[in-house]
Structures are given as structure tokens and as C-alpha cells.
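# Working through the structure, step by step
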Amino acid sequence: MISGLFGLVFAIAFVAAIAIGMAFLLDVVARKASITIRAVVAALVAGFVPMSIPIGAVLSATDADPITALLPLFVGGFVLALLVGFPAAFFFTRNRVAARGDTIDPGTFE
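The sections below set out a description of the structure shown in this document. (Residues numbered from 1 in each chain as written. Predicted model: local features only at pLDDT ≥ 70, side-chain atom pairs only at ≥ 80, totals over all residues. Heavy atoms only, no water.)

### Remarks on the overall build of the protein
In plain terms, the rule: Secondary structure elements are defined from DSSP: runs of H or I of at least 4 residues count as helices, runs of E of at least 2 residues count as strands, and each element is numbered from the N terminus. With C-alpha atoms as the basis for the radius of gyration, the globule rule is written as 2.2 Å multiplied by the number of residues raised to the power 0.38. Only protein chains enter the accessibility calculation, which uses a 1.4 Å probe; a residue whose area is less than 20% of its type maximum is buried, one above 50% is exposed, and one in between is partly exposed. Throughout, the Shrake-Rupley method with a 1.4 Å probe supplies accessible areas, and for residues the shown protein chains are the sole cover considered. All tallies of charge rest on Lys and Arg as positive and Asp and Glu as negative; His and the ends of each chain are not included. Here the site of a charge means NZ on Lys, CZ on Arg, CG on Asp, or CD on Glu.
Assigned secondary structure in the protein consists of four helices and zero strands. For the protein, the α and β elements follow one another from N to C terminus as α-α-α-α. Against the globule reference of 13 Å for 110 residues, the protein gives a C-alpha radius of gyration of 16 Å, more extended than a compact globule. In terms of principal-axis extent, the alpha carbons of the protein reach across some 55 × 35 × 25 Å. A buried classification covers 28% of the 110 residues belonging to the protein. Approximately 6900 Å² of the protein is accessible, and the part contributed by carbon and sulfur atoms is 77%. Of the charged side chains in the protein, 6 are positive and 6 negative; the average position of the first set lies 15 Å away from that of the second.

Laid out in C-alpha cells, this is it:
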């Protein structure tokens, strides 16, 4: 029970850390892009990095139709990106832009 809970917390923290790191990188490299675009790209990268190992394993070991085996992994990557990666990357990027003093209207979602 405790090890499963620890694994879940570690997986969420791992995806959030990747999203925040990618959001920082995009904030440095692509400052002209909107906050939402940077957060979406960071979230998608963070959602699919943990899924890359199972996707590779399925592609190398599956003799049957790989679409059936890969579809849940892609859905899982999108769910991770949506539930964990996007909020972490969006709030990190928004706070970083606000601290920098750029003009941002907190009432709009861009």
C-alpha cells in the first residue's frame, strides 16, 4: 500500500519536475511565444517522457497489432500532460513572467 502510494507521488513529482524544467528552458529560449504555447509544449514533453520506455517496449515486443497496445500509452501520456504537466508548467511560466515585470493581464488566459 505504502509503496504504491510512494510510486504514485514519485511519478507525479517526476512529471511536474520535467514540465517545470521544460517550461524554464522554453522561457529562456522562446520568450516570444505565448505563455499557453510554452506550457502546452512543456506539458506534452513531460507527459510523454515517462511513456517513452513502455512505448519502446511495446514496439519492440509486440507481434500483433501495435495500435491496440500503443493507444492506452498515448492516452496515458496525454492524461499525464493534462492533469500534471500543464498546470505545473503554466503556473511556473506565468509566475516567472510576472516576476520579470512583463506586461501580463492575469484575467486573460491567452
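There's more to say after this.
### As for the pattern of salt bridges
Basically, it comes down to this: Counted as salt bridges are all cases of a side-chain nitrogen of Lys or Arg within 4 Å of a carboxyl oxygen of Asp or Glu.
Tallying each qualifying case throughout the model produces two salt bridges. Asp27 is the salt-bridge partner of Arg38, the closest N and O atoms lying 2.5 Å from each other. Placement of the pair is Arg38 in helix 2 (residues 35-48) and Asp27 in helix 1 (residues 2-29), with a sequence separation of eleven residues. Taken as a pair, Arg38 and Asp27 share a single burial class, namely buried. Using a relative accessible area of 0% as the deciding quantity, one classes Asp27 as buried. Residues participating in the shared-partner salt-bridge network are Asp27, Arg38 and Arg96.

### Some words on the packing of aromatic side chains
Inclusion rule: Only rings of Phe, Tyr and Trp enter the pairing, Trp through its six-membered ring, and a pair is recorded when the two centres are within 6.5 Å. The plane angle decides the type: under 30 degrees is stacked, over 60 is edge-to-face, the rest tilted.
According to the stated counting rule, one finds six aromatic pairs in the structure shown. Aromatic side chains Phe48 and Phe74 sit 5.9 Å apart centroid to centroid with 55° between the ring planes, which places their arrangement in the tilted category. Of this pair, Phe48 sits in helix 2 while Phe74 sits in helix 4 (residues 66-100); the two residues are 26 residues apart in sequence, bridging distant segments of the chain. With centroids separated by 5.7 Å and ring planes inclined at 70°, the aromatic side chains of Phe90 and Phe91 adopt a geometry described as edge-to-face. Given the relative accessible area of 40%, Phe91 is considered partly exposed. Members of the aromatic cluster, each reached through a chain of ring pairs, are Phe6, Phe10 and Phe14.

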